[in-house]
Amino acid sequence: SGKTFRNDLDPQYKANRPTMPDELRQQIEPLKAIVQGLGVKLLSIQGVEADDVIGTLVERTAGRRPVEVVTGDRDLFQLVDDAAGVSVLYTARGGVRDADLVDESWLVQKYGLASGRAYAEMAVLRGDPSDGLPGVQGIGEKTAATLLENFGSLESIVKAAKAGVKT
Ligand code: MN
Ligand code: MN
């Protein structure tokens with residue numbers, strides 16, 4: 001935890017999150033010791049959010065061997081890339097025992113989005129109140145996905161809007 005470069009980009013980022021309860025804070029160091037005791041590598045970088053550490057590791061590994069990101073955080077769906085062999089094991093619903101295997105076909109079924117890249121662009125349009133990110137007013141998940149399907153990318157949506165194209 002602590003401030004990251006994301007906070008410098010946008011002071012509102014996660015500004016409304018409650019501070020970590022002491023009961024949880026006390027568990028962090030023992031948990032790290034347990035994980036390391038089990039021989040699992042731990043990586044944490046001062047001033048960098050875990051999502052960005054994970055994204056960097058995936059970027060460096062993708063295409064060279066299969067990568068499965070185990071997480072309960074939907075933000076990481078943006079890393080999904082069938083061609084590069086990157087998928088997400090999403091634990092928020094079924095836990096580790098019954099995790100969802102998130103690949104491009106799963107993203108299509110669930111969101112109508114064809115790639116991890118499209119998921120990221122949908123999230124930009126939708127915003128994320130829990131992170132203090134406003135998104136575009138009046139555009140939720142469904143509208144964002146439809147716009148991306150029709151125009152192909154966020155850049156094309158912005159271009160079309162500037163040119164006065166009707167949706
Ligand atoms: Mn996240
Ligand atoms: Mn987030």
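This structure is a prediction, so every number in the text was calculated from the model and none was measured.

Cut-off values and rules
Residues numbered from 1 in each chain as written. Chains lettered and ligands numbered in written order. Predicted model: local features only at pLDDT ≥ 70, side-chain atom pairs only at ≥ 80, totals over all residues. Heavy atoms only, no water. Helix = DSSP H or I, 4+ residues; strand = E, 2+ residues; numbered from the N terminus. Buried < 20%, exposed > 50% of the residue type's maximum accessible area, 1.4 Å probe, protein only. Core = buried A, V, L, I, M, F, W, Y, C linked by side-chain atoms within 4.5 Å. Contact = heavy atoms within 4.5 Å.

Novice: Where do I start with the environment of Lys142 in this structure?
Specialist: Here Lys142 lies in helix 6 (residues 141-151). Distance in space between the C-alpha atoms of Lys142 and Gly95 is 26 Å, their sequence separation being 47 residues.

Novice: I would appreciate a short explanation of the environment of Arg117 in the present structure.
Specialist: Relative to the helices and strands, Arg117 resides in helix 5 (residues 116-126). According to the relative accessible area criterion, Arg117 is exposed, its value standing at 59%. Taking the C-alpha atoms as reference, Arg117 lies 8.9 Å from Ser153; in sequence the two are 36 residues apart.

Novice: Hey, could you run me through the nonpolar core in this one?
Specialist: In a soluble, globular protein the nonpolar side chains are often hidden away together inside. The biggest cluster of nonpolar side chains holds 27 residues, and the ones touching the most others in it are Phe77, Val102, Leu107, Tyr111 and Leu113. Where this core is concerned, the elements lending two or more residues are strand 1 (67-71), strand 2 (86-90), helix 4 (104-111), helix 5, helix 6 and helix 7 (154-162). Setting aside its immediate chain neighbours within four residues, Leu107 contacts Phe77, Val80, Val102, Gly112, Leu113, Ser115, Gly116 and Tyr119.

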